[in-house]
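Examination of the molecular architecture
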Amino acid sequence: MKKNLLSITALILILTIACTGCNKASPGNTEDKKPAENTESSDVQHQQSQLKDSKELPLSEDGSLTVEIDTLAKPDGALPEDKPVFLAVKVKEDTDIALRYTYDTYGKEGVMLCCDVNDSDEEETLLKPIYTMRLVQSSEENYGEIWLSGGTFLKKGVNLFYLGAGNQTLPCRMTLQLTFFEPEKVESAVLYPAEK
């Protein structure tokens, strides 16, 4: 009896080790990859620098959208119509999204990634802030190597993404990936060209 129990325990231990080894070797396992490797240029990427006019963008099959921008972040006191908006996402209802981004502030400090909603049906622009993230000072060697992520929500209406800069004007470039958990709620996503 004791011998059978020892044999069964040994067999379970051997099977556990064998299955663990198989799991690590499976070709579909991406857990060991670095975040930057999962977001290579094979993703559909829309570049602001290639635009002369605004362009409506399609979502990918997984409900994500990746844009690359290179723009000047203007002082936060700018009038709503003067904010350097690079992306406008119109949604039918409030919805949650995931954000993933890498950026270069050209060694400067004070840039903020912001999103305001214009939920007015009128022609006037009435913006309400819904998201602000201060970007720590970064430089070229970090761009594409360090990725940050987070989550937020978009409100019903037109959600405007732009870069703010306190009381100054600062340069920034960024690759931003938005993943929509309920892509059916998205009416449109428009990328705007960089200001000249």
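Note that the structure is a prediction, hence the values are computed from the model and not measured. (Residues numbered from 1 in each chain as written. Predicted model: local features only at pLDDT ≥ 70, side-chain atom pairs only at ≥ 80, totals over all residues. Heavy atoms only, no water.)

**Quick look at the overall build of the chain**
A count of helices and strands for the chain gives two helices and 11 strands. Each helix (α) and strand (β) of the chain, taken in turn from the N terminus, gives the series α-α-β-β-β-β-β-β-β-β-β-β-β. A total of 196 residues make up the chain; the buried ones form 37% of that total. Counted over contacts in the chain with a minimum sequence separation of 6, partners at least 24 positions apart contribute 82%. For the chain, the exposed surface amounts to about 12,100 Å²; the carbon and sulfur share of it is 52%. (Helix = DSSP H or I, 4+ residues; strand = E, 2+ residues; numbered from the N terminus. Buried < 20%, exposed > 50% of the residue type's maximum accessible area, 1.4 Å probe, protein only. Contact = heavy atoms within 4.5 Å. Areas by Shrake-Rupley, 256 points an atom, 1.4 Å probe, with all protein chains shown as cover.)

**Overview of the pattern of salt bridges**
One pass over the full model with this rule turns up five salt bridges. Ionic pairing is found between D94 and K155, a salt bridge with its closest N-O pair at 3.5 Å. Of this pair, D94 sits in the loop between strand 4 (85-91) and strand 5 (95-104) while K155 sits in the loop between strand 8 (148-154) and strand 9 (157-164), and the two are 61 residues apart along the sequence. You can call D94 partly exposed: its relative accessible area is 39%. Under the relative-accessibility criterion, K155 is labelled partly exposed at 31%. Taken together, the shared-partner salt bridges in this structure form one network comprising E93, E182 and K185. (Salt bridge = Lys/Arg side-chain N within 4 Å of Asp/Glu carboxyl O.)

**Overview of the sheet that holds strand 2 (residues 55-56)**
Each strand in a sheet pairs with its neighbour through backbone hydrogen bonds, running either in the same direction (parallel) or in the opposite one (antiparallel). With antiparallel pairing, six strands are arranged side by side in an open sheet as 2-11-4-9-6-7. What marks the edges here is a single partner per strand, and that holds for strand 2 and strand 7 (127-134). Strand direction decides the pairing type here: strand 6 (residues 112-118) and strand 9, joined by seven bridges, are antiparallel. Each bridged residue has a counterpart across the sheet, and for L113 the counterpart in strand 9 is L163. (Pairing = 2+ DSSP bridges.)

**A look at the sheet that holds strand 3 (residues 64-73)**
One open sheet accounts for five strands, arranged 1-3-10-5-8; its pairing is mixed. Two strands close off the open sheet at either side, each with one partner strand: strand 1 (45-47) and strand 8. The mean inter-strand angle of the sheet, taken between neighbouring strand axes irrespective of direction, is 30 degrees. Here strand 1 runs beside strand 3; their pairing, made up of three bridges, is parallel. Looking at the pairing, Q45 lines up with T66 of strand 3. (Axes fitted to C-alpha atoms, helices over the stretch in contact; angles between N-to-C directions.)

**Regarding unusual backbone geometry**
Despite not being glycine, Y106 shows a phi value in the positive range, around 55 degrees. By the secondary structure assignment, Y106 is in the loop between strand 5 and strand 6. For Y106, a relative accessible area of 37% gives the class partly exposed.

**Considerations on the packing of aromatic side chains**
The full count for this structure, using the stated rule, is one aromatic pair. Here R173 stacks its cationic end above the ring of Y143, 3.9 Å away from the centre of that ring. (Phe/Tyr/Trp six-rings, centres within 6.5 Å; stacked < 30°, edge-to-face > 60°. Lys NZ or Arg CZ within 6 Å of the ring centre and 35° of its normal.)

**Examining the environment of E182**
Of note, E182 is situated in the loop between strand 10 (170-180) and strand 11 (186-191). Sequence separation of E182 and E93 is 89 residues, and the distance between their C-alpha atoms is 9.9 Å.

**With respect to the environment of T102**
If you trace the backbone, T102 turns up in strand 5. Engagement of the side chain of T102 in a polar contact is seen with the backbone oxygen of I146, the distance being 2.9 Å. (Polar contact = N/O pair within 3.5 Å; in protein donor to acceptor, adjacent residues only side chain to side chain.)

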